[in-house]
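Here's the letter readout for the chains.
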Amino acid sequence: MRILLVEDEYALAELVAERLKKERYAVDVCNDGEDGLYNALTGIYDLLLLDIMLPGKDGIEILREVKKEGISSKVIMLTAKGELNDKLTGFREGANDYVPKPFHIDELVARVNAQLRIEQAVTESLAFGNVELDYKNPSVKNRDTGESIATNNKEFQLLEYFMMNPNQVLSKDMIFDRVWGMDNEAISNNLEAYISFVRKKLKAIDATVSIKVIRNMGYKMELKNEGTK
(Lines give C-alpha, C1' and ligand atoms only; values in the text may rest on other atoms or scores of the structure.)
Protein backbone atom coordinates (compact mmCIF):
# COMPACT_ATOMS: atom_id res chain seq x y z
CA MET A 1 0.00 0.00 0.00
CA ARG A 2 1.24 3.51 -0.82
CA ILE A 3 1.25 6.53 1.50
CA LEU A 4 1.92 10.20 0.77
CA LEU A 5 3.48 12.13 3.66
CA VAL A 6 3.33 15.93 3.35
CA GLU A 7 5.47 17.39 6.13
CA ASP A 8 7.84 20.38 6.05
CA GLU A 9 9.94 19.29 9.03
CA TYR A 10 12.58 17.33 7.15
CA ALA A 11 13.90 15.32 10.11
CA LEU A 12 10.41 14.31 11.21
CA ALA A 13 9.39 13.43 7.66
CA GLU A 14 12.42 11.18 7.26
CA LEU A 15 11.80 9.48 10.62
CA VAL A 16 8.13 8.79 9.86
CA ALA A 17 8.83 7.63 6.31
CA GLU A 18 11.53 5.18 7.36
CA ARG A 19 9.34 3.69 10.09
CA LEU A 20 6.39 3.25 7.74
CA LYS A 21 8.65 1.60 5.16
CA LYS A 22 9.64 -0.94 7.82
CA GLU A 23 5.94 -1.69 8.14
CA ARG A 24 5.93 -2.66 4.42
CA TYR A 25 4.32 0.54 3.18
CA ALA A 26 5.58 2.38 0.11
CA VAL A 27 6.04 6.02 1.15
CA ASP A 28 6.50 9.22 -0.86
CA VAL A 29 7.43 12.47 0.89
CA CYS A 30 6.69 16.09 -0.03
CA ASN A 31 7.94 19.03 2.02
CA ASP A 32 5.59 21.77 0.80
CA GLY A 33 1.89 22.12 0.12
CA GLU A 34 2.09 22.74 -3.62
CA ASP A 35 4.00 19.53 -4.33
CA GLY A 36 1.84 17.71 -1.81
CA LEU A 37 -1.37 18.73 -3.58
CA TYR A 38 0.02 17.87 -7.01
CA ASN A 39 0.89 14.35 -5.89
CA ALA A 40 -2.22 13.82 -3.78
CA LEU A 41 -4.39 14.58 -6.81
CA THR A 42 -2.89 11.65 -8.73
CA GLY A 43 -5.20 9.41 -6.70
CA ILE A 44 -2.58 6.64 -6.39
CA TYR A 45 -2.33 6.80 -2.60
CA ASP A 46 -4.21 4.67 -0.10
CA LEU A 47 -3.56 7.20 2.65
CA LEU A 48 -2.41 10.82 2.98
CA LEU A 49 -0.56 12.08 6.06
CA LEU A 50 -0.99 15.86 5.93
CA ASP A 51 0.62 18.42 8.17
CA ILE A 52 -1.64 21.45 8.55
CA MET A 53 1.04 24.16 8.69
CA LEU A 54 2.81 23.93 5.32
CA PRO A 55 4.47 26.40 2.95
CA GLY A 56 2.54 27.02 -0.26
CA LYS A 57 -0.77 25.41 0.62
CA ASP A 58 -1.74 24.21 4.06
CA GLY A 59 -3.02 20.73 4.85
CA ILE A 60 -6.65 21.82 5.04
CA GLU A 61 -6.45 23.28 1.52
CA ILE A 62 -4.97 20.02 0.24
CA LEU A 63 -7.70 18.07 2.00
CA ARG A 64 -10.43 20.23 0.43
CA GLU A 65 -9.04 19.81 -3.08
CA VAL A 66 -8.64 16.05 -2.67
CA LYS A 67 -12.22 15.65 -1.49
CA LYS A 68 -13.49 18.01 -4.19
CA GLU A 69 -11.94 15.76 -6.83
CA GLY A 70 -13.59 12.69 -5.32
CA ILE A 71 -10.32 10.99 -4.41
CA SER A 72 -10.90 8.17 -1.94
CA SER A 73 -7.55 8.24 -0.11
CA LYS A 74 -7.81 8.01 3.66
CA VAL A 75 -6.51 11.17 5.36
CA ILE A 76 -4.77 11.64 8.70
CA MET A 77 -3.92 15.22 9.71
CA LEU A 78 -0.63 15.93 11.51
CA THR A 79 -0.21 19.25 13.29
CA ALA A 80 1.25 21.02 16.29
CA LYS A 81 -2.13 22.63 16.80
CA GLY A 82 -4.29 20.84 19.31
CA GLU A 83 -7.28 23.13 19.69
CA LEU A 84 -10.77 21.68 19.28
CA ASN A 85 -11.61 24.07 16.42
CA ASP A 86 -8.68 22.81 14.34
CA LYS A 87 -9.76 19.22 14.85
CA LEU A 88 -13.36 20.02 13.97
CA THR A 89 -12.27 21.83 10.82
CA GLY A 90 -10.26 18.81 9.69
CA PHE A 91 -13.07 16.37 10.34
CA ARG A 92 -15.62 18.68 8.72
CA GLU A 93 -13.52 18.79 5.56
CA GLY A 94 -13.33 15.00 5.43
CA ALA A 95 -10.27 13.92 7.44
CA ASN A 96 -10.44 10.39 8.86
CA ASP A 97 -8.19 10.99 11.86
CA TYR A 98 -6.15 13.67 13.58
CA VAL A 99 -2.79 13.22 15.35
CA PRO A 100 -1.42 16.25 17.26
CA LYS A 101 2.32 16.79 17.59
CA PRO A 102 4.37 15.70 19.37
CA PHE A 103 3.25 12.12 18.84
CA HIS A 104 4.76 8.72 19.54
CA ILE A 105 5.73 7.00 16.30
CA ASP A 106 4.10 3.76 17.46
CA GLU A 107 0.79 5.57 17.92
CA LEU A 108 1.01 7.03 14.42
CA VAL A 109 1.71 3.60 12.93
CA ALA A 110 -1.27 2.19 14.83
CA ARG A 111 -3.49 4.98 13.47
CA VAL A 112 -2.27 4.30 9.92
CA ASN A 113 -2.86 0.57 10.33
CA ALA A 114 -6.35 1.20 11.67
CA GLN A 115 -7.29 3.38 8.70
CA LEU A 116 -5.96 0.93 6.14
CA ARG A 117 -7.25 -2.13 8.00
CA ILE A 118 -3.85 -3.66 7.42
CA GLU A 119 -3.81 -5.54 10.72
CA GLN A 120 -6.36 -8.00 9.37
CA ALA A 121 -4.47 -8.24 6.09
CA VAL A 122 -1.26 -9.02 7.93
CA THR A 123 -2.98 -11.78 9.88
CA GLU A 124 -4.88 -13.38 7.04
CA SER A 125 -2.58 -12.47 4.14
CA LEU A 126 -3.70 -11.47 0.67
CA ALA A 127 -4.80 -14.34 -1.55
CA PHE A 128 -5.96 -15.10 -5.09
CA GLY A 129 -6.29 -18.59 -6.52
CA ASN A 130 -3.87 -20.82 -4.65
CA VAL A 131 -1.43 -17.93 -4.15
CA GLU A 132 -0.97 -16.15 -0.85
CA LEU A 133 1.08 -13.04 -0.19
CA ASP A 134 2.69 -13.07 3.26
CA TYR A 135 3.10 -9.62 4.83
CA LYS A 136 4.96 -10.80 7.93
CA ASN A 137 7.73 -12.55 6.03
CA PRO A 138 7.67 -10.94 2.58
CA SER A 139 7.07 -13.91 0.33
CA VAL A 140 4.60 -15.57 -1.98
CA LYS A 141 3.41 -19.10 -1.34
CA ASN A 142 1.19 -21.89 -2.57
CA ARG A 143 -1.70 -22.17 -0.10
CA ASP A 144 -2.23 -25.83 -0.92
CA THR A 145 1.33 -27.13 -0.58
CA GLY A 146 2.82 -24.49 1.70
CA GLU A 147 5.73 -24.00 -0.69
CA SER A 148 6.96 -20.40 -0.59
CA ILE A 149 9.60 -18.16 -2.10
CA ALA A 150 10.93 -14.82 -0.83
CA THR A 151 10.22 -11.59 -2.71
CA ASN A 152 12.12 -8.32 -2.83
CA ASN A 153 10.35 -5.01 -2.24
CA LYS A 154 9.32 -4.26 -5.84
CA GLU A 155 8.21 -7.86 -6.49
CA PHE A 156 6.11 -7.74 -3.32
CA GLN A 157 4.48 -4.44 -4.32
CA LEU A 158 3.75 -5.71 -7.84
CA LEU A 159 2.14 -8.86 -6.51
CA GLU A 160 0.14 -6.87 -3.96
CA TYR A 161 -1.17 -4.50 -6.64
CA PHE A 162 -2.15 -7.32 -8.98
CA MET A 163 -3.72 -9.40 -6.20
CA MET A 164 -5.72 -6.44 -4.95
CA ASN A 165 -7.06 -6.02 -8.49
CA PRO A 166 -7.54 -9.56 -9.85
CA ASN A 167 -8.99 -9.92 -13.35
CA GLN A 168 -8.51 -6.20 -13.99
CA VAL A 169 -6.28 -4.72 -16.68
CA LEU A 170 -3.60 -2.52 -15.16
CA SER A 171 -1.86 -0.17 -17.57
CA LYS A 172 1.88 0.37 -17.47
CA ASP A 173 1.33 3.93 -16.26
CA MET A 174 -0.89 2.71 -13.44
CA ILE A 175 1.74 0.19 -12.37
CA PHE A 176 4.58 2.73 -12.59
CA ASP A 177 2.62 5.23 -10.48
CA ARG A 178 1.54 2.70 -7.91
CA VAL A 179 4.78 0.76 -7.46
CA TRP A 180 7.45 3.36 -8.27
CA GLY A 181 5.50 6.46 -7.21
CA MET A 182 7.17 9.88 -7.11
CA ASP A 183 10.58 8.32 -7.68
CA ASN A 184 9.30 6.84 -10.90
CA GLU A 185 12.31 6.54 -13.17
CA ALA A 186 11.24 3.14 -14.39
CA ILE A 187 11.28 2.39 -18.10
CA SER A 188 9.34 -0.24 -19.98
CA ASN A 189 12.20 -2.75 -19.93
CA ASN A 190 12.51 -2.36 -16.17
CA LEU A 191 8.84 -3.13 -15.63
CA GLU A 192 8.99 -6.08 -17.99
CA ALA A 193 11.99 -7.41 -16.08
CA TYR A 194 10.11 -7.28 -12.77
CA ILE A 195 7.04 -8.88 -14.33
CA SER A 196 9.35 -11.67 -15.54
CA PHE A 197 10.80 -12.12 -12.04
CA VAL A 198 7.31 -12.35 -10.54
CA ARG A 199 6.16 -14.83 -13.20
CA LYS A 200 9.14 -17.08 -12.45
CA LYS A 201 8.31 -17.06 -8.75
CA LEU A 202 4.67 -17.88 -9.43
CA LYS A 203 5.80 -20.75 -11.64
CA ALA A 204 8.24 -21.97 -8.98
CA ILE A 205 5.43 -22.45 -6.46
CA ASP A 206 3.10 -23.99 -9.06
CA ALA A 207 0.62 -21.10 -8.89
CA THR A 208 -2.82 -21.40 -10.42
CA VAL A 209 -2.67 -17.72 -11.41
CA SER A 210 -0.56 -15.93 -13.98
CA ILE A 211 0.04 -12.45 -15.32
CA LYS A 212 -1.18 -11.98 -18.87
CA VAL A 213 -0.15 -9.28 -21.35
CA ILE A 214 -3.15 -7.39 -22.74
CA ARG A 215 -1.88 -5.95 -26.01
CA ASN A 216 -1.75 -2.15 -26.09
CA MET A 217 -3.40 -2.00 -22.68
CA GLY A 218 -1.22 -3.47 -19.95
CA TYR A 219 -1.28 -6.55 -17.76
CA LYS A 220 -3.88 -8.64 -15.95
CA MET A 221 -3.61 -11.29 -13.25
CA GLU A 222 -6.09 -14.11 -13.75
CA LEU A 223 -6.61 -17.79 -13.08
CA LYS A 224 -4.90 -20.06 -15.58
CA ASN A 225 -8.12 -21.89 -16.38
CA GLU A 226 -9.49 -18.58 -17.65
CA GLY A 227 -7.21 -18.76 -20.65
CA THR A 228 -3.76 -17.75 -19.44
CA LYS A 229 -0.77 -20.04 -19.55
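Placed above this text is the structure.
Let's talk about the overall build of the protein
Phase 1: Looking only at helices and strands, the protein has nine helices and eleven strands in total.
Phase 2: Here the protein holds 229 residues, and 48% of them are scored as buried.
Phase 3: In the protein, the proportion of contacts linking residues at least 24 apart, taken out of those at least 6 apart, comes to 57%.
Phase 4: When the accessible surface of the protein is split by element, carbon and sulfur atoms take 46% of a total near 11,500 Å².

Here we look at the pattern of salt bridges
Phase 1: Here the structure, examined in full by the defined rule, presents 15 salt bridges.
Phase 2: For Glu9, the salt bridge identified is with Lys101, shortest N-O distance 3.2 Å. Taken together, the residues span a long stretch of sequence, with Glu9 in the loop between β1 (2-6) and α1 (10-22) and Lys101 in the loop between β5 (97-100) and α5 (105-116) at a distance of 92 residues.
Phase 3: On the accessibility criterion, Glu9 (40% relative accessible area) is partly exposed.
Phase 4: Where salt bridges share partners, they join Glu7, Glu9, Asp51 and Lys101 into one cluster.

Considering the sheet that holds strand β2 (residues 26-30)
Phase 1: Strands sit in the order β2-β1-β3-β4-β5 across an open sheet of five strands; the sheet is parallel. Two strands lie at the open edges of the sheet, namely β2 and β5, each paired on one side alone. Strand-to-strand twist across the sheet, computed as the mean angle between neighbouring axes with direction ignored, equals 20 degrees.
Phase 2: In the sheet, strand β4 (residues 74-79) pairs with β5 via four bridges, with the strands oriented parallel. In the sheet register, Thr79 faces β5, and the bridge partner there is Pro100.
Phase 3: Sitting on the sheet, α5 is in contact with β1, β3 (47-51), β4 and β5, with an inclination near 160 degrees to β4.

Regarding α5
Phase 1: With twelve residues, α5 extends 17 Å from end C-alpha to end C-alpha; this agrees with the ideal 16 Å at 1.5 Å per step.
Phase 2: Where α5 is concerned, the buried positions are Ile105, Leu108, Val109, Val112, Asn113, Gln115 and Leu116. Buried residues in α5, looked at end-on, bunch into an arc of 165 degrees, giving them a common side.
Phase 3: Directly beyond the C-terminal end of α5, a positive phi value near 55 degrees is found at Arg117.

Examining the nonpolar core
Phase 1: With 28 residues, the main nonpolar core has Phe162, Ile175, Leu202 and Met221 as its most contacted residues.
Phase 2: For this core, the secondary structure elements donating two or more residues are β6 (126-128), β7 (131-134), α7 (153-164), α8 (172-180), α9 (188-204), β10 (209-214) and β11 (218-223).
Phase 3: Leaving out residues up to four positions away in the same chain, Phe162 has contacts with Leu170, Ile175, Ile195, Ile211, Tyr219, Lys220 and Met221.
Phase 4: Residues Val16, Leu47, Leu108 and Val109 belong to the second largest nonpolar core, which totals 21 residues.

Conventions and cut-offs
Residues numbered from 1 in each chain as written. Predicted model: local features only at pLDDT ≥ 70, side-chain atom pairs only at ≥ 80, totals over all residues. Heavy atoms only, no water. Helix = DSSP H or I, 4+ residues; strand = E, 2+ residues; numbered from the N terminus. Buried < 20%, exposed > 50% of the residue type's maximum accessible area, 1.4 Å probe, protein only. Contact = heavy atoms within 4.5 Å. Areas by Shrake-Rupley, 256 points an atom, 1.4 Å probe, with all protein chains shown as cover. Salt bridge = Lys/Arg side-chain N within 4 Å of Asp/Glu carboxyl O. Pairing = 2+ DSSP bridges. Axes fitted to C-alpha atoms, helices over the stretch in contact; angles between N-to-C directions. Expected span 1.5 Å × (residues − 1). Arc of directions from axis to C-beta. Core = buried A, V, L, I, M, F, W, Y, C linked by side-chain atoms within 4.5 Å.

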